[in-house]
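# Remarks on the overall topology
Take a look at the letters that make up each chain.
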Amino acid sequence: MVRRDRLRRMREWWVQVGLLAVPLLAAYLHIPPPQLSPALHSWKSSGKFFTYKGLRIFYQDSVGVVGSPEIVVLLHGFPTSSYDWYKIWEGLTLRFHRVIALDFLGFGFSDKPVSGIKRPHHYSIFEQASIVEALLRHLGLQNRRVNLLSHDYGDIVAQELLYRFKQNRSGRLTIKSLCLSNGGIFPETHRPLLLQKLLKDGGMLSPILTRLMNFFVFSRGLTPVFGPYTRPSESELWDMWAGIRNNDGNLVIDSLLQYINQRKKFRRRWVGALASVTIPIHFIYGPLDPVNPYPEFLELYSVVCPQGPLLGLPTGLHPSPPSSLKFTYMLFSSTRKTLPRSTVSILDDHISHYPQLEDPMGFLNAYMGFINSF
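Remember, it's a predicted structure, so these values are computed and weren't measured experimentally.

Most peptide bonds are trans, and most residues other than glycine sit at a negative phi. Cis geometry is found at the peptide bond from phenylalanine 78 to proline 79, where omega equals 0 degrees. One can find proline 79 in the loop between β3 (71-75) and α3 (86-93). The omega angle of the peptide bond from tyrosine 294 to proline 295 is 0 degrees, so this bond is cis rather than trans. With respect to the helices, strands and loops of the structure, proline 295 is situated in the loop between β7 (281-285) and α13 (296-304). Even without glycine at this site, aspartate 152 takes up a positive phi of about 55 degrees. Mapped onto the fold, aspartate 152 is located in the loop between β5 (145-150) and α5 (153-166). We note that asparagine 182 has phi near 45 degrees; this positive angle belongs to a residue other than glycine. Examined against the element boundaries, asparagine 182 turns out to sit in the loop between β6 (174-181) and α6 (194-201). Note on asparagine 182: relative accessible area 0%, which makes it buried.

Below is the structure:
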């Protein structure tokens, strides 16, 4: 009898907990996205939208130096947006006539179609590359030579654009130069975060995780990819989170992360695109990056894309002088001339995965050094 009463009271307790949890969970799931900060609101207000297959794509297009024919197109990383470039934007307008950036589909202020049964949307690198091409057609720049500057996820999009450029396909971008930065261009050296793995391969669990994600989870997951002295402030993290939550973007993160699987599947296509081109290619690298770790990443890059001069070498990351000398010699003296016009800039050894935000002047100087070298 005592045991029955105990079980009955326990069941009643769980029912009460459930009744309390249901409205709390409902309220949690309907928490509105954070308001845009004045800076982020200004970024949105100064931008424009164009339509790609019925979907609105946000972009920025600034006119810089008068009389210069140079155009630079900026491709942002995951999971953020074109706002990643705001710290170097003004500096770029002092060198280029047009500075253009977009929010990829599913990111920032662009539309974020949710994958569903009625209207399934399968995000892909191929689609994002086609959106970049469509933007330049929209701006009347499809026949102009453009410089591509990319980061992280944008590096993979740039590789697809480079592949299309190599194939001389009608209507494709004409690329003058390419600068990559801290992107997982090699699947074998890429180290995704635990949360990314869970969302990418979580199956039925992924939609639940995306709905339960909040600012605390996001900030604790993103902060470790920044260097210890260059981590974003709480207000900067809120700007990033506001971009993700805009248009319920947290609900499509698991779909966007399928690019990791696509990168493995199409490795030959995208890595091969880097291996035999004649345009100038540069890589700006924050060496403390846990997602693309040093020295494994640069060692593979030196094999696939043998370099010319190595610009900057981290001072505190070498395990021993012999291995350092060997690594430096490999970068300087590779006899494979598959990509003779490739160069690398390695930033200070405390700079990590977001170099354009962590060291904007160092990043900008490295990029300008590259652009002015040809």
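The next point concerns the confidence of the model for the protein. Averaged over every residue, the pLDDT of the protein is 84; the share at 70 or more is 78%. Considering only residues more than four positions removed or in separate chains, one finds that residues 15-30, a stretch of pLDDT under 50, has 7 contacts.

All right, on to the pairing of β3 then. For β3, the tally of buried residues reaches 5 of 5 residues, placing the bulk of the element in the interior. Side chains Ile71, Val73 and Leu75 of β3 all project onto a buried face; the interleaved residues Val72 and Leu74 project onto the opposite face, where all are buried too. Sheet topology places β3 next to strand β4 (residues 98-102); 4 bridges connect them, and they run parallel. Within the sheet, the bridge partner assigned to leucine 74 lies in β4 and is alanine 101.

Turning our eyes to something else, we now look at the packing of aromatic side chains. Evaluated as defined, the whole model comprises 29 aromatic pairs. Ring plane angle 50 degrees and centroid distance 6.2 Å describe the contact between phenylalanine 283 and tyrosine 285, whose orientation is recorded as tilted. On the basis of an interplanar angle of 45 degrees and a centroid distance of 6.2 Å, the ring pair of tyrosine 367 and phenylalanine 370 is categorised as tilted. Of this pair, tyrosine 367 and phenylalanine 370 both sit in helix α16 (residues 360-371), separated by 3 residues, roughly a single helical turn.

Attention now goes to the pattern of salt bridges. Working definition: two side chains of opposite charge can pair if their charged atoms are close together. Throughout the structure, instances matching the rule amount to 7 salt bridges. In this structure, the salt-bridge partner of lysine 87 is glutamate 236, at a minimum N-O distance of 3.6 Å. Taken as a pair, lysine 87 in helix α3 and glutamate 236 in helix α9 (residues 234-245) lie far apart in primary sequence, 149 residues in all. By relative accessible area, lysine 87 is classed as partly exposed at 34%. Residue glutamate 160 is joined to arginine 269 by a salt bridge in which the shortest nitrogen-to-oxygen separation is 2.8 Å. Remark: arginine 269 occurs in helix α12 (residues 267-275) and glutamate 160 occurs in helix α5; sequence separation between them is 109 residues. Among the residues examined, arginine 269 registers a relative accessible area of 22% and is labelled partly exposed. Taken together, the shared-partner salt bridges connect Glu133, Glu160, Arg164 and Arg269 into one network.

Before going further, it helps to examine α5. Across its 14 residues, α5 extends 20 Å between first and last C-alpha, which sits within 8% of the 20 Å expected from 1.5 Å per residue. Along α5, 12 of the 14 residues are buried, which leaves the element largely enclosed by surrounding structure. Inspection of α5 places Tyr153, Gly154, Asp155, Ile156, Val157, Ala158, Gln159, Glu160, Leu161, Leu162, Tyr163 and Arg164 among the buried residues, and these make up the whole buried set. One or two steps after α5, the chain reaches asparagine 168, where phi turns positive at roughly 55 degrees.

Right, let's talk about the environment of lysine 53 for a bit. In this fold, lysine 53 is placed in the loop between β1 (48-52) and β2 (55-63). Of the residues examined, lysine 53 reaches a relative accessible area of 71% and is grouped as exposed. Here the alpha-carbon distance between lysine 53 and isoleucine 131, two residues 78 residues apart in the chain, equals 9.4 Å.

Reading guide: rules and limits
Residue indices follow the written sequence of each chain, beginning from 1 at its first position. Two thresholds apply to this predicted model, a pLDDT of at least 70 for residue-level local features and 80 or more for giving and counting side-chain atom pairs, whereas whole-chain, interface and lining totals are computed over all residues. The side-chain quantities take in all heavy atoms of the structure and omit both hydrogens and water. Here a helix means four or more residues in a row that DSSP labels H or I, a strand means two or more in a row labelled E, and each is numbered from the N terminus. For every residue, the accessible area (1.4 Å probe, protein chains only) is compared with the maximum for its type, and the residue is labelled buried under 20%, exposed over 50%, or partly exposed between those bounds. pLDDT measures how confident the predictor is about each residue, on a scale from 0 to 100. Note on contacts: a residue pair qualifies if any of its non-hydrogen atoms lie within 4.5 Å across the two residues. Strands are labelled as partners when DSSP assigns at least two bridges between them. Between the rings of Phe, Tyr and Trp (Trp by its six-membered ring), a pair exists once the centres lie within 6.5 Å; its type follows the angle of the planes, with under 30 degrees stacked, over 60 edge-to-face, and the other angles tilted. By convention in these notes, a salt bridge is any Lys or Arg side-chain nitrogen within 4 Å of a carboxyl oxygen on Asp or Glu. Here the expected span of a helix is defined as 1.5 Å times the quantity of residues minus one.

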